[in-house]
Amino acid sequence: MNIWNEEFELSDVNKFNKGCCVEHLDIRVTDFGDDYLVATMPVDERTRQPYGVLHGGASCVLAESVGSIASNLVLDSSKYYAAGLEINANHIRPVQSGLVTAKAKIVHLGKSTHIWDIRITDEKDKLVCISRLTMAVIKK
C-alpha cells in the first residue's frame, strides 16, 4: 500500500528543509518506498556530545525530522499539516563518526494521528537507536 499523498522528488523535499534545523545538521532525505522514508545525518562536531559520540538529542532530531517529513508527505498540504506530539528513543550503541541513517516506517495512519517506528543505524548497519514518533494531524 502506497501511503504518499502525491508523487514527489527527493530533491524538492530536501530544498523544502533549507534554512532550518534539518539543514543545519545536514539531514538529507535519501530514499523512500511505499510505506517508509529514509534520511541520513553526519556524526560530526554539530551532532556529537562532549564525550565524542553521537548526542542522543541529535538522534531524536533525526528521528523526529524524518517522521515529520513523512507525515507531511502523506497529508493534503492544502488542508492539513502534521506536528510532533510525542517522541521516545532508546539509544543502543554509540557512534563516533560517519553517517547515521534513519528509516521511518508507518505504524498507524489515522485521521488525527500518525505513528512512526524509526530505526537509526550506523554505516555498518548496526542498530544505534530505536524511536517511536507520534504526529498530530492539524487542520489548517
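The rules we used
- Residues numbered from 1 in each chain as written.
- Predicted model: local features only at pLDDT ≥ 70, side-chain atom pairs only at ≥ 80, totals over all residues.
- Heavy atoms only, no water.
- Phe/Tyr/Trp six-rings, centres within 6.5 Å; stacked < 30°, edge-to-face > 60°.
- Buried < 20%, exposed > 50% of the residue type's maximum accessible area, 1.4 Å probe, protein only.
- Helix = DSSP H or I, 4+ residues; strand = E, 2+ residues; numbered from the N terminus.

> What is the right way to look at the packing of aromatic side chains in this model?
When we look at a pair of aromatic rings, we describe it by the centre distance and by the angle of the planes. This structure, assessed with the given rule, holds 2 aromatic pairs. Between W4 and F8 the ring centres are 5.5 Å apart and the planes differ by 85°, which places this aromatic pair in the edge-to-face class. With respect to burial, W4 and F8 carry one shared label: buried. Their ring planes at 40° and their centres at 4.5 Å tell us that F8 and F32 sit as a pair that is tilted. Of this pair, F8 sits in the segment before α1 (10-16) while F32 sits in strand β1 (residues 28-33), placing them 24 residues apart in sequence.

> Would you explain unusual backbone geometry in this entry?
Phi is mostly negative for residues that are not glycine, and the peptide bonds are mostly trans. The phi angle at D26 is positive, at roughly 60°, despite the residue not being glycine. Counting through the fold element by element, D26 comes out in the loop between α2 (21-24) and β1. The class of D26 is partly exposed, set by a relative accessible area of 23%. One non-glycine residue, D125, lies in positive phi territory at about 65°. Of note, D125 is situated in the loop between β5 (113-121) and β6 (127-139). For D125, a relative accessible area of 60% corresponds to the exposed category.

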